[in-house]
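# Understanding the architecture of this molecule
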Amino acid sequence: MTALHPIPTGRPEKLVVIGNGMAGCRAVEEILARDSKRYKVTIFGAEPRVNYNRIMLSPVLAGEKAFDDIVINSADWYTDNAITLISGDPVVSIDRAKQTVTAQSGRTEPYDRLLIATGSDPFIIPVPGKDLPGVVTFRDLDDVDKMLAAAEKGGHAVVIGGGLLGLEAAHGLALRGMDVTVLHLMPTLMERQLDEAAGWLLKSELERRGQTILTGADTAAILEKDGHVAGVRLKDGKDIPADIVVMAVGIRPSTGLARLAGLEVERGILVDDHMLTSDPAIMAVGECVQHRGQCYGLVAPLWEMCRSLADAATGAPSGYEGSVTSTKLKVSGIDLFSAGDFSGGEDCEDIVMRDASRGLYKRVIVKENRLVGAVLYGDTADGNWYFDLLKRGEDVSDIREALIFGQAFAMGGGASNDPHAAVAALSDDAEICGCNGVTKGMVVSTINGGACSLDAVRSQCKASASCGSCTGLVEGLLAIALGDEVKAGPKTLCKCTKFSHDDVRRLILEKELKAIPQVMQELHWTTPDGCASCRPALNYYLLCAWPGVYVDDQRSRFVNERMHANIQKDGTYSVVPRMWGGVTTPNELRAIADAADKYGARMVKVTGGQRLDLFGISKEDLPDIWADLNAAGMVSGHAYGKSLRTVKTCVGSEWCRFGTQDSTGLGIKTEQMTWGSWMPHKFKIAVSGCPRNCAEATIKDFGVICVDSGYELHVGGNGGIHLRGTDLLCKVATEQEALDVCAAFIQLYREQAWYLERTAPWIERVGLDHVKAGLFDDPEAVQHLAARFRYSQSFMQDDPWARRAKGEDAELHQHLAEFRPFPTMIKEAAE
Amino acid sequence: MIGDWLDIGPVTQISPGNARTLPVQGGEEIAIFHTMGGEFFALVNKCPHKHGPLSQGIVHGTVVTCPLHSWNISLKTGHALGDDKGCVPTVPLKVDAGRLYLLREAVIGAMAPERAA
Ligand SMILES: Cc1cc2nc3c(=O)[nH]c(=O)nc-3n(C[C@H](O)[C@H](O)[C@H](O)COP(=O)(O)OP(=O)(O)OC[C@H]3O[C@@H](n4cnc5c(N)ncnc54)[C@H](O)[C@@H]3O)c2cc1C
Ligand code: SF4
Ligand code: FES
């Protein structure tokens, strides 16, 4: 492209601008600064006012600024520069042949050059009620006025959309005294700018301020009363009252005019590096354009576009190459910054720093020694520095170790190459562990006194024993004092954390951590969203710690538990309906046989636990087969889960000539008490009617051997790879006692074992005496543990198959779509 | 331009941390992933180890852990990570105006040649 050569008319060229917004006016300013003589400018604006700073509408709504404060160019600017402003009169058509534009009022204006800067239109989700009075968008001053009018009456505001704009609207309305609910479709607020961890911190902070934030909330309809908006209905059936509804779900480039005029438009108006459209007499700039495939919704890129536009329009083309953007949330008291690509990945190095006590989360992403992304929450002072490094694509290997600590530290001289230097430089009375008030001197003397591992330091001087945020500092001191002699601490839960399973379990309770991102934040996880080892473990620990409160995270479950069936080597599933105590009926057998036929089971197998397993079921058919089995009265056998699997029984006193007690009946009662419970690992029970032990109760996690005088209770058996016979736990006289001890033992195991540790290795690790002490030292312990178990069971005994059969999580079983290539295409592909 | 890409629907049909599948008639099923960080990726739904359905694994970062034997597969490159060796074909994917597109050529390329003929 070459410069726009002046048109030799002998008079200034006529430049008409459509759009009196941020980009349109900035472009004019830039052109005037370069050559104030060349153009005679006319600006059309749909809004009946002068040019103002749209970004500042948020502070206007929040009451922090008045409209006058946010005007960029007052009426004088237009007159001083001989610009004709035609405001409140939108342009409705462009005639490219005649080179004229026509506005709504009928006014027609000729142009030599046309500049389209129409910005974007708020996206309105097409739900019933979207046009009701009281439903507003957040785009211009009129919208703000509507919101302010509503806020004066108080009441409820619902903001649909938890992105930048929605949250700023919610903040403003809350400050104006409204009761605000934010509905966000995605599970993470501002998911395009924030990762899960930062999104979670933001959500907690907004909730602390009194807003209600519903994530995963899909709007079904906007409700009406007396011709005005009255509420919002979600797809899950929930109704939320509303006196005003703000739609802030996104924007799309305003391209209607350009399309009508026959310019090339995709998502936005297509422009080249000089902001020229497909018609060389027409330029476009701002949110309405698409440049090198990108559309932008922030001002920084617009400024860059305007500069290159002005360069081209005044004969010195420079060329715009696209922008990297960064985001800040303008909600007072919340510091949040994100820039670049923060999605990470294995070819990227993810450096995460979490400081729970100060509410900080920082994450920088380095790829091939260059910074490619950053997310900062709580302290954004270094945002600009990171953004600058990112834009310049500078090699950061020299400051790699200190990068996460920010500019002051990273640039602070030679010390930065040695990660321990900072710790070494601390004075002896510097506090290392805030929770326990331990100074550097105290830690050092503990180490000198013989503590040569993190664990030893923790237990001897308590540094890093509470929240653990100082673990890195303590390790630094250990490394300085002992060099290579540092002994490894106990096995950590996984490589994402320094904490052991026991520490994590303890801290979840002590610090009342109730969500996975919260645990990761508070316990200083070093990865943004964990790994395949820690996610399922944390999900279980939280579920166990907070029954009825914690919401299960199915993304953190292994496929079998997510699909409620066993995945087999060919990717099909097997399905095991529950048969209480191993007892079935002709009707159940018929239903199982019918299901096997109907869904093409390729094998029906009696399992080791006395149940029937149907193999070869496809994931699409699972909800249907479950519906059929449910209809015949059967529920999921949980044969897939880290959960109670089966209670195996023998026939006992009812039929067997040796039987001493009703082992089948007790087995059924036991299974009815324990089914559905999630455990650290799979859990099996058996009840035998006499010491002949036909149900093989002595190789189960919990086994009952009925004897004349009562019940012998056994624990910790394992028939798996490492065969282990049970230990005798105790003997009790009645069925009820047997059930209570069973519940108590299970709860002790649930509360203490590490995730993926079966009872046998658990008991070998902690010792049978520890288990006995936990159950029997305190005469009330069995009752307390059993009560806790039953309480959690009140939430868990809910057949997952029934919920799936009713359509819950249907998408897990469905394909996205199916691709059927057309025959011609198939031929082409083959050629 | 549009013709080269296959529109497979809105981004909202896959929530972050989850994956969904696209069977290809006469070809390999494709798994489409949405990471917790908000990115989308598409791979042939077949683990390089013993063909486990990757779509059913746990997603963390830009990695999926295969549900069968826990190999970690990069969603970006399709390569097995760590000590494991192997690679699964990736399918170029782009997100535009809230919709997901797969490169048509790569989808067709995922078809077995004898079936495609
Ligand atoms: C509440 C709010 C907060 C924001 N916060 C930030 C922020 O913190 N940081 C940031 O970088 N960005 C922010 N933005 C985005 C930023 O304001 C936009 O990126 C910027 O305003 C876009 O400039 P523009 O000129 O392309 O569009 P606009 O500023 O929207 O200007 C377009 C103008 O064109 C007019 N128009 C449209 N069609 C016609 C027509 N046919 N005839 C005549 N006139 C027409 C419109 O009325 C409008 O005045 C925010 C936006 C909003 C709404
Ligand atoms: S364990 Fe005893 S009661 Fe049960 S079936 Fe065997 S012999 Fe009979
Ligand atoms: S098939 Fe994927 S790890 Fe074995």
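About the cut-offs
Residues numbered from 1 in each chain as written. Chains lettered and ligands numbered in written order. Predicted model: local features only at pLDDT ≥ 70, side-chain atom pairs only at ≥ 80, totals over all residues. Heavy atoms only, no water. Helix = DSSP H or I, 4+ residues; strand = E, 2+ residues; numbered from the N terminus. Buried < 20%, exposed > 50% of the residue type's maximum accessible area, 1.4 Å probe, protein only. Contact = heavy atoms within 4.5 Å. Areas by Shrake-Rupley, 256 points an atom, 1.4 Å probe, with all protein chains shown as cover. Lys, Arg positive; Asp, Glu negative; His and termini not counted. Charge placed at Lys NZ, Arg CZ, Asp CG, Glu CD. Rg over C-alpha atoms; globule rule 2.2 N^0.38 Å. Near = heavy atom within 4 Å. Polar contact = N/O pair within 3.5 Å; in protein donor to acceptor, adjacent residues only side chain to side chain. Nonpolar A, V, L, I, M, F, W, Y, C, P; charged D, E, K, R; others polar. Pairing = 2+ DSSP bridges. Axes fitted to C-alpha atoms, helices over the stretch in contact; angles between N-to-C directions. Expected span 1.5 Å × (residues − 1). Core = buried A, V, L, I, M, F, W, Y, C linked by side-chain atoms within 4.5 Å. Salt bridge = Lys/Arg side-chain N within 4 Å of Asp/Glu carboxyl O. Buried area = accessible area lost by both parts, 1.4 Å probe. Disulfide = S-S within 2.5 Å.

## A short note on the overall build of chain A
- Within chain A, the regular secondary structure consists of 28 helices and 38 strands.
- Reported as C-alpha extents along the three principal axes, the dimensions of chain A are approximately 120 × 70 × 70 Å.
- Out of the 831 residues in chain A, the part that is buried amounts to 54%.
- Sequence-distant contacts in chain A: of pairs separated by 6 or more residues, those separated by 24 or more amount to 62%.
- Per element, the accessible surface of chain A, about 34700 Å² overall, is 51% carbon and sulfur.
- Separation between the mean location of the 88 positive side-chain charges and that of the 110 negative ones in chain A comes to 3 Å.

## Notes on the overall build of chain B
- Regarding its fold elements, chain B presents two helices and ten strands.
- Rg of the C-alpha trace for chain B: 14 Å, near the compact-globule value of 13 Å for 117 residues, within the 12% margin.
- The C-alpha extent of chain B, read off along each of the three principal axes, is 40 × 35 × 20 Å.
- Long-range pairs, those at least 24 residues apart, make up 41% of the contacts in chain B with a sequence separation of at least 6.
- Surface accessibility of chain B: about 4500 Å² in total, with carbon and sulfur atoms responsible for 52%.

## Notes on unusual backbone geometry
- Backbone geometry at His524 of chain A places phi at a positive 60°, although glycine is not the residue there.
- With respect to the helices and strands, His524 of chain A occurs in the loop between helix H16 (516-522) and helix H17 (534-545).
- A positive phi angle, near 65°, is found at His51 of chain B, a position not held by glycine.
- Mapped onto the fold, His51 of chain B is located in the loop between strand S4 (40-44) and strand S5 (58-60).
- Given a relative accessible area of 49%, His51 of chain B falls into the partly exposed group.

## Some points on the site of ligand 1
Residue and element names in this part refer to chain A.
- Among the 31 residues in the neighbourhood of ligand 1, the closest are listed as Ala23, Arg54, Arg139, Glu287 and Lys330.
- The contact in question runs from an oxygen atom of ligand 1 to an N or O atom on the side chain of Glu47, over 2.8 Å.
- At 2.6 Å, a side-chain N or O of Glu287 approaches an oxygen atom of ligand 1.
- With the chains in place, 91% of the 990 Å² that ligand 1 exposes on its own is no longer accessible.
- With three residues, helix H1 (residues 22-34) is the single largest residue contributor to the shell around ligand 1.
- The residue makeup of the shell around ligand 1, split by class, is 16 nonpolar, nine polar and six charged.

## A word on the sheet that holds strand S36 (residues 702-707) of chain A
All names here are of chain A.
- A sheet is described by the order of its strands in space; here five strands give the open sequence S34-S35-S36-S37-S38, paired in mixed fashion. The sheet terminates laterally at strand S34 (644-649) and strand S38 (727-732), the two strands that pair on one side only. If you compare each strand with its neighbour and ignore which way they point, the axes differ by 15° on average.
- Taken together, the four bridges between strand S35 (residues 683-688) and S36 define a ladder with parallel strand orientation. Within S36, the residue paired with Ile685 across the bridge is Phe702.
- The strands touched by helix H22 (residues 663-674) are S34, S35, S36 and strand S37 (710-715); relative to S34, the strand with the most contacts, the crossing angle is about 170°.

## Here we look at helix H6 (residues 196-208) of chain A
Residues and elements named next belong to chain A.
- When the terminal C-alpha atoms of H6 are compared, their 18 Å separation across 13 residues agrees well with the 18 Å that a helix rising 1.5 Å per residue should span.
- For H6, the full list of buried residues reads Glu196, Ala197, Ala198, Gly199, Trp200, Leu201, Leu202, Glu205 and Leu206.
- Just past H6, the residue Gly210 takes up positive phi, approximately 100°.

## A closer look at the site of ligand 2
- Every residue close to ligand 2 is listed here: Cys650, Gly652, Cys656, Phe658, Gly659, Gly689, Cys690, Arg692, Asn693 and Cys694 of chain A.
- Here the residues of the shell around ligand 2 sort into five nonpolar, four polar and one charged.

## Description of the nonpolar core
- Counting 54 residues, the largest nonpolar core has Ile94, Val101, Leu114, Ile116 and Val285 of chain A as its most contacted members.
- Once you skip the residues sitting within four places of it in the chain, Leu114 of chain A turns out to touch Val16, Ile18, Ile94, Val101, Ala281, Ile282 and Met283 of chain A.

## Considering the pattern of salt bridges
Residue and element names in this part refer to chain A.
- Summed over all chains, the structure comprises 56 salt bridges over all chains.
- Between Arg54 and Glu47 there is a salt bridge whose closest N-O contact spans 3.2 Å. Taken as a pair, Arg54 and Glu47 share a single burial class, namely buried.
- Between Glu287 and Arg139 there is a salt bridge; the shortest N-O distance is 2.8 Å. With a gap of 148 residues between them, Glu287 in the loop between strand S21 (282-284) and strand S22 (289-291) and Arg139 in the loop between strand S11 (135-137) and helix H4 (141-152) connect regions that are remote in the sequence. Pair check on accessibility: Glu287 and Arg139 agree, each one buried.

## Observations concerning the interface of chain A and chain B
- Taken together, the contact pairs 47 residues of chain A with 45 residues of chain B.
- Across the interface of chain A and chain B, roughly 3900 Å² is buried in total on both sides, 61% from carbon and sulfur atoms.
- Where chain A meets chain B, there are one salt bridge.
- Put simply, Asp96 of chain B and Arg267 of chain A hold a salt bridge, and the shortest N to O gap is 2.3 Å.
- Listed by contribution, the elements that provide at least two residues to the side of chain A that touches chain B are H17, helix H18 (559-563) and helix H28 (823-830) of chain A.
- Per element, the largest residue contribution to the side of chain A that touches chain B is four residues, and it comes from H28 of chain A.
- For the side of chain A that touches chain B, a count of residues per class yields 21 nonpolar, ten polar and 16 charged.

## Description of the state of the cysteines
- The tally for this structure, following the rule as stated, stands at zero disulfides over all chains.
- We note that Cys87 of chain B lacks a disulfide partner, and the nearest cysteine sulfur, in Cys47 of chain B, lies 11 Å from it.

## Describing the environment of Leu132 of chain A
Residue and element names in this part refer to chain A.
- On the secondary structure map, Leu132 appears in the loop between strand S10 (120-122) and S11.
- On the basis of relative accessibility, which here comes to 14%, the residue Leu132 falls in the buried class.
- Along the sequence, Leu132 and Gly406 sit 274 residues apart, while their C-alpha atoms lie 49 Å from each other.
- Once you skip the residues sitting within four places of it in the chain, Leu132 turns out to touch Ile222, Leu223, Glu224, Gly227 and Val229.

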